[in-house]
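Structural overview for review
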Protein chains: 2
Amino acid sequence: MAIEEVPRRRADAVTETAATGRALTHPDRADIRLESVLHALSDPMRLQIVRELAAKEAELTCSQFDLPVTKSTTTHHFRVLRESGVVRQVYRGTAKMNGLRRDDLDSLFPGLLDSLLAAADRQAARLGDTGRTPVGG
Amino acid sequence: MAIEEVPRRRADAVTETAATGRALTHPDRADIRLESVLHALSDPMRLQIVRELAAKEAELTCSQFDLPVTKSTTTHHFRVLRESGVVRQVYRGTAKMNGLRRDDLDSLFPGLLDSLLAAADRQAARLGDTGRTPVGG
DNA sequence: GCTCTCGTACGATACTCATCGTACTACGAG
DNA sequence: CTCGTAGTACGATGAGTATCGTACGAGAGC
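Quick caveat: nothing in here was measured; it's all calculated off a predicted structure.

About the criteria used
Residues numbered from 1 in each chain as written. Chains lettered and ligands numbered in written order. Predicted model: local features only at pLDDT ≥ 70, side-chain atom pairs only at ≥ 80, totals over all residues. Heavy atoms only, no water. Helix = DSSP H or I, 4+ residues; strand = E, 2+ residues; numbered from the N terminus. Buried < 20%, exposed > 50% of the residue type's maximum accessible area, 1.4 Å probe, protein only. Contact = heavy atoms within 4.5 Å. Areas by Shrake-Rupley, 256 points an atom, 1.4 Å probe, with all protein chains shown as cover. Buried area = accessible area lost by both parts, 1.4 Å probe. Polar contact = N/O pair within 3.5 Å; in protein donor to acceptor, adjacent residues only side chain to side chain. UniProt positions renumbered as here; feature names shortened; annotations may be inferred. Pairing = 2+ DSSP bridges. Core = buried A, V, L, I, M, F, W, Y, C linked by side-chain atoms within 4.5 Å. Axes fitted to C-alpha atoms, helices over the stretch in contact; angles between N-to-C directions. Least-squares fit on C-alpha atoms with pLDDT ≥ 70 in both. Expected span 1.5 Å × (residues − 1).

Along its length, chain A carries five helices and three strands. Put simply, chain A runs from its N terminus to its C terminus through helices and strands in the order α-α-β-α-β-β-α-α. Each of the 137 residues in chain A was classed as buried or not, and the buried ones make up 41%. Sequence-distant contacts in chain A: of pairs separated by 6 or more residues, those separated by 24 or more amount to 62%. In the structure as shown, chain A presents an accessible area of about 7800 Å², 50% of it carried by carbon and sulfur atoms.

Quick look at the structure:
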């Protein structure tokens, strides 16, 4: 992976920790790779997260998602989404806000995100899965 | 996986083997899952295969692809594409013809395949990758 | 200060998967 | 029947990853 770990010192420095939060590593727009995005979205858990994010059109904290996994696993999935360039994460107090990177994604791959979301909605409706408006959205 | 292996008898029966070939297991249209499709397409090798298939608009044999892997691996990738519902494979003599399942994909997820292909083309053009017409094909 | 909550980091584990090599089957041509 | 070509099957292997538990860090409220 080309993503370098931020050397975060512990119990030692609050360097990055401003009022709005610590720094999180995001790939630059030009570094977002289609394969990584598809891989991120090929996990049912992560696809669900992205669908909810798109449905709400707003930033959500990690804990607002009702995922059937532990906190550790949730962190893992959000990290994958962030490192693949699908979501942007910002600290806000103790909470971490998650937002879709629509601008970047639409700029790189016009129409892709909407097609993906529509496909996910369609499939959910077809399989009786909930998570968003059933049809005609 | 819900895909059952065909119990293929060896050196015994030519049952399925008609002039046009042996039977290959394909998922029914209703069984194609978005996550599986995305997973299949998240591999650079397989994405490349699909792009060539789409570009040629025709059925191609496995050996017509110039992939930097062995025959075994090639077989593996085509199997993943077939079992995820992305391609349809038909035997024709010793050759195996591969074709995109556009009808099924477009029916299940309208516009998705085109967006995906366009996104792949865009990225290839951006990164200087070859494999298809650079722009304005 | 203490404590509660939100989220991270690390290690472990089990599973998936991309890759290979070798042995094999299936078909077509001589 | 023999040979060559296209592709499969199986086993191995090394890398990736989804999951967990536990210990920890950062901010908010007392």
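Bringing the interface of chain A and chain B into the picture now. If you look at the interface, chain A gives 25 residues, while chain B gives 25 residues. Both faces combined, the contact of chain A with chain B buries some 2200 Å², and carbon together with sulfur accounts for 62% of it. Interface area lost by chain A to chain B is led by Glu35(A), Leu38(A) and Gln123(A), which between them contribute 23%. Where chain A meets chain B, there are ten residue pairs in polar contact (both at pLDDT 80 or more). For the side of chain A that touches chain B, the elements supplying multiple residues, two or more each, are α1 (34–41), α2 (44–56), α4 (102–108) and α5 (112–127) of chain A.

Glancing now at the UniProt feature "domain: HTH arsR-type" (unreviewed entry) in chain A. Per the UniProt entry, the sites bearing "domain: HTH arsR-type" (unreviewed entry) are residues 26–120 of chain A in this numbering. Across residues 26–120 of chain A, helical content stands at 53% and strand content at 15%; the span's end C-alpha atoms are separated by 25 Å.

Residue placement: Tyr91(A) occurs in strand β2 (residues 87–92). As for Tyr91(A) and Leu24(A), which are separated by 67 residues in sequence, their C-alpha atoms are 8.5 Å apart.

Let's shift gears to the pairing of strand β3 (residues 95–100) of chain A. Across a regular strand the side chains alternate sides, sitting on one face of the sheet and then on the other. All names here are of chain A. Taking burial as the measure, the six residues of β3 include five buried ones, the bulk of the element. In this sheet, β3 lies alongside strand β1 (residues 60–61) in antiparallel orientation, the contact comprising two bridges. Paired with threonine 61 across the bridge in β3 is methionine 97. Pairing of β2 with β3, which is carried by six bridges, proceeds in the antiparallel orientation. Residue pairing across strands places valine 90 opposite methionine 97, the latter belonging to β3. Hairpin geometry of β2 and β3 is characterised by an intervening segment of two residues between the two adjacent antiparallel strands and by a positive phi of about 75° at glycine 93.

Time to look at the nonpolar core. Among the nonpolar cores identified, the biggest contains 61 residues, and Leu41(A), Val86(A), Leu41(B) and Val86(B) are the most heavily contacted of them. For Val86(B), the contacting residues outside a window of four places in its chain are Val37(B), Ala40(B), Leu41(B), Val50(B), Leu81(B), Gly99(B), Leu100(B), Arg101(B) and Leu105(B).

Moving on, we come to the sheet that holds β2(A). Residues and elements named next belong to chain A. Taken together, three strands build an open sheet; the order of strands is β1-β3-β2 and the sheet is antiparallel. Of all the strands in the sheet, just β1 and β2 have a single pairing partner and so form its edges. Along the sheet, α2 contacts β1, β2 and β3; its crossing angle with β3, the most-contacted strand, is approximately 80°.

The next subject is the relation of the copies chain A and chain B. Both copies of the chain are related by a screw-like operation: a rotation about an axis and a shift along it. The transformation that overlays chain A on chain B combines an axial shift of 0.0 Å with a rotation of 180°, and the residual RMSD is 0.0 Å. Accordingly, the operation relating the two chain copies is best matched by a two-fold axis. Both copies present the same face, since 100% of the interface residues in chain A are matched by interface residues at the equivalent positions in chain B.

Residues and elements named next belong to chain B. Ordered in space as β1-β3-β2, the three strands form an open sheet in which the pairing is antiparallel. Each end of this open sheet is capped by a strand with a single partner; those strands are β1 (60–61) and β2 (87–92). Contacts from helix α2 (residues 44–56) reach β1, β2 and β3 (95–100) within the one sheet, and its direction differs from that of β3 by about 80°.

Turning our attention to the side chain of Arg101(B). All names here are of chain B. Note that arginine 101 resides in the loop between β3 and α4 (102–108). What makes arginine 101 buried here is its relative accessible area of 4%. In terms of polar contacts, arginine 101 uses its side chain to reach the backbone carbonyl oxygen of proline 27, at 2.9 Å. Apart from residues no more than four positions distant in its own chain, arginine 101 is found in contact with His26, Pro27, Asp28, Arg29, Ile32, Gly85, Val86, Val87 and Arg88.

Over its 16 residues, α5(A) extends 22 Å from the first C-alpha to the last, a length consistent with the 22 Å expected when each residue adds 1.5 Å. Buried within α5(A) are the following residues: Leu112(A), Leu113(A), Ser115(A), Leu116(A), Leu117(A), Ala119(A), Ala120(A), Asp121(A), Gln123(A) and Ala124(A). Elements that come into contact with the buried residues of α5(A) comprise α1, α2, β3 and α4 of chain A together with α1 (34–41) and α5 (112–127) of chain B. Looking one or two places after α5(A), you find Gly128(A), whose phi comes out positive at around 75°.

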